[in-house]
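What the coordinates show
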Amino acid sequence: MEQKIVDHLFRHHYGKMVAILTQYFGLAHIETIEDAVQDTFIKATLKWRKQIPEYPEAWLTKVAKNRTIDLLRSIKAEKNRNEENLESGFSEEINELFLDHEIEDSQLRMIFVACHPKLKPNEQIAFALKTISGFSTKEIAAALLSKEDTITKRLHRARQSIVKNNLQFEFPAPNEVYERLLSVMHVIYLTFNEGFHSTNSKQLIREDLCGEALRLCKLLLKKEKFRSGSMYALFALLCYHASRLQTKTNTSNEIVAIREQDRSKWFLPLIQMGHSAMNTAMDYDEVSIYHYEAAIAAEHVKATTFENTDWKTILVLYQKLQQLQPSHLHLLNIATVKLQLNKFESVSKILESLAEVDLGQRAYLYYGCYAEYFERRGDTILAIIYLNKAIAKTSNSLEKNYLKKKMEKLQGSNESFKS
Amino acid sequence: MKDFMMIFIGADYQELGLSPEELQNRMGKWFAWGQKMETQGILKGGEALTPNIKRVIGQDRAVSDGPFADSKEIIGGYYTVSAESAEAVVEIAQDYPDYDLGGTVEIREIMVFDN
């Protein structure tokens, strides 16, 4: 019998199960809980090799409930309590935890715990990606442009901090909400980026991650106390980007640059959702990096063709963004935009001021920009040299193929490479 | 037709710390492979093994528990299939999903005794 499992069922269930179990057992047991949930998935993976259950989701939930009971037994046994305390009422209590609104509530709590100030910023992000979104350390390392080892250590320290500081599985106090939401938004933003510009090979577009970021954002916007101008702007940004997801690759799973994307296929409902969120964001007296980034994304989706793109406006927006939060990546983006405006001198200055190490895992974008610069200046040989550097710097096979194709084109136009 | 065992060595998911997403993807591949063999009527059986190992060794029957030195040598499971030859099983083993994780498939013919 052919049995199809819902896409990303495991990933979505991981965060849910960890949140629910933590709601019940408390944060002190987070490590045990995560191990138990991971173990559940490994068991399912082995069992379902042969036969996928008729209702996979129900199966996982049932296993999660049984896990809860098992864990409770072992925790109670640790405390030398009598097992007879496990009365029938408690299974009803567990069923309550698995109601949809309770799951949402638990997940929101987990988001805020992940962003607790007792955790260092880089630990917060790693912990959130692991615990809420079910990333592996390898995927987190790719998303955060760091080494796997570093992430393992950060996760360890995050869990230690939680236990040492006796953090509770609760929402922040009203006077702490704003500060905490800043970290929350950053985590959502990174989650989305990992999906949108995935550095994991083979699958460029991790739609589930983008969906996950949108979902968390929506979850927060459901509650009035978590709404803000930047939260709406962030949501708008995610909507605009997500509207282009389908056109970023073609049917043979090759990258399609924004220049060549079929703009008629950009998903209108998401663009409209973006516009509406952007309008709401403007009702607040607040400016954030998300406002600028969303405004840039809006310019792209507004343009009817690549040539019609309002690069001047985009340049201004990038410059404001760079003022608000200076970063090497923004600078590189400014160079890329200036390239479209043929401001070659300025482009070359910016590129010279940057170094490969500044861009970390995105170094290939740096060399890619250099290559385009030389291509536009008519220096095919240097363009090819820099494309080669870009190719050497990307681990993503789709990205690699895209750059290789570009290079073949260039080589074709340059006689000296034909022999 | 002869019977063969495909023994899967290494690529322990627990050890490798795969994410739920990766687990689901890999499971999908295993499932598809199993289905394919079943449709072809060559799959006779198989099991997955837990990585908990006990070894009884030597004349004094010393018992030792894992984990043992190299997880790359741990058997994770097996399938038994029927095929014309070992070469045909090599062909079948092309679809084993975990080569990229350092996994190995060992193919052994099941011995037949004449009565």
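Residues numbered from 1 in each chain as written. Chains lettered and ligands numbered in written order. Predicted model: local features only at pLDDT ≥ 70, side-chain atom pairs only at ≥ 80, totals over all residues.

1. Examining the overall build of chain A
On a plain count of helices and strands, chain A comes out with 19 helices and zero strands. By the compact-globule yardstick of 22 Å for 419 residues, chain A fits well, its C-alpha radius of gyration being 24 Å. Dimensions along the principal axes, computed over C-alpha positions, put chain A at roughly 85 × 55 × 40 Å. The buried share among the 419 residues of chain A stands at 40%. Restricting the contact set of chain A to residue pairs at least 6 apart, pairs at least 24 apart contribute 62%. (Helix = DSSP H or I, 4+ residues; strand = E, 2+ residues; numbered from the N terminus. Rg over C-alpha atoms; globule rule 2.2 N^0.38 Å. Buried ≥ 20, exposed ≤ 12 C-beta atoms within 10 Å, placed from the backbone. Contact = placed C-beta atoms within 7 Å.)

2. Thoughts on helix H9 (residues 177–196) of chain A
Counting along an α-helix, one turn takes 3.6 residues, and residues three or four places apart therefore face a common direction. With 20 residues, H9 of chain A extends 28 Å from end C-alpha to end C-alpha; this agrees with the ideal 28 Å at 1.5 Å per step. The complete set of buried residues in H9 of chain A reads Arg180, Leu181, Ser183, Val184, Met185, Val187, Ile188, Thr191, Phe192, Glu194, Gly195 and Phe196 of chain A. (Expected span 1.5 Å × (residues − 1).)

3. As for unusual backbone geometry
Positive phi, normally seen in glycine, also occurs at Asn166 of chain A, with a value near 55°. The topology assignment puts Asn166 of chain A in the loop between helix H8 (148–164) and H9. Residue Asn166 of chain A is classed as exposed on the basis of its 10 C-beta neighbours within 10 Å. A positive phi angle, close to 55°, is found at Ala11 of chain B, a residue other than glycine. Tracing the sequence through the fold places Ala11 of chain B in the loop between strand S1 (2–9) and helix H1 (13–16). In this structure Ala11 of chain B comes out as buried when scored by C-beta crowding, with 22 C-beta atoms within 10 Å.

4. Focus on the interface of chain B and chain A
Taken together, the 16 residues of chain B in the interface contact 20 residues of chain A. Broken down by secondary-structure element, the contributors of at least two residues to the side of chain B that touches chain A are H1 and helix H2 (20–39) of chain B. When residues of the side of chain B that touches chain A are assigned to their parent elements, the largest contribution, ten residues, is made by H2 of chain B.

5. Digging into the environment of Val184 of chain A
Residue and element names in this part refer to chain A. Considering the arrangement of structural elements, one finds Val184 in helix H9. Residues Val184 and Ile125, 59 residues apart in the sequence, show an inter-C-alpha distance of 8.7 Å. Those residues in contact with Val184, other than ones at most four positions away along the chain, are Ile111, Phe112, Cys115 and Leu220.

6. Side note on the sheet that holds strand S2 (residues 43–48) of chain B
Residue and element names in this part refer to chain B. Strand order across the open sheet formed by four strands is S2-S5-S1-S6, with antiparallel pairing between neighbours. Strands with a single pairing partner mark the edges of an open sheet, and in this sheet they are S2 and strand S6 (104–109). Recorded for the sheet is a direction-independent mean angle of 15° between the axes of neighbouring strands. Judged from the five bridges that link them, S2 and strand S5 (residues 75–83) form a sheet pairing that is antiparallel. (Pairing = 2+ DSSP bridges. Axes fitted to C-alpha atoms, helices over the stretch in contact; angles between N-to-C directions.)

7. Some details on the environment of Thr22 of chain A
All names here are of chain A. Relative to the assigned elements, Thr22 resides in helix H1 (residues 9–25). Using a count of 22 C-beta atoms within 10 Å as the deciding quantity, one classes Thr22 as buried. Placed 108 residues apart in sequence, Thr22 and Lys130 show a C-alpha to C-alpha distance of 14 Å. Each residue touching Thr22, except ones within four places of it in the same chain, is listed here: Leu27, Ile30, Ile33, Ser106, Met110 and Phe169.

8. Comments concerning helix H13 (residues 289–302) of chain A
All names here are of chain A. Over its 14 residues, H13 extends 20 Å from the first C-alpha to the last, a length consistent with the 20 Å expected when each residue adds 1.5 Å. Buried residues of H13: Ile289, Tyr290, His291, Tyr292, Glu293, Ala294, Ala295, Ile296, Ala297 and Ala298, and no others. Where the residues of H13 are buried, they touch H9, helix H11 (229–243), helix H12 (268–282) and helix H14 (311–324).

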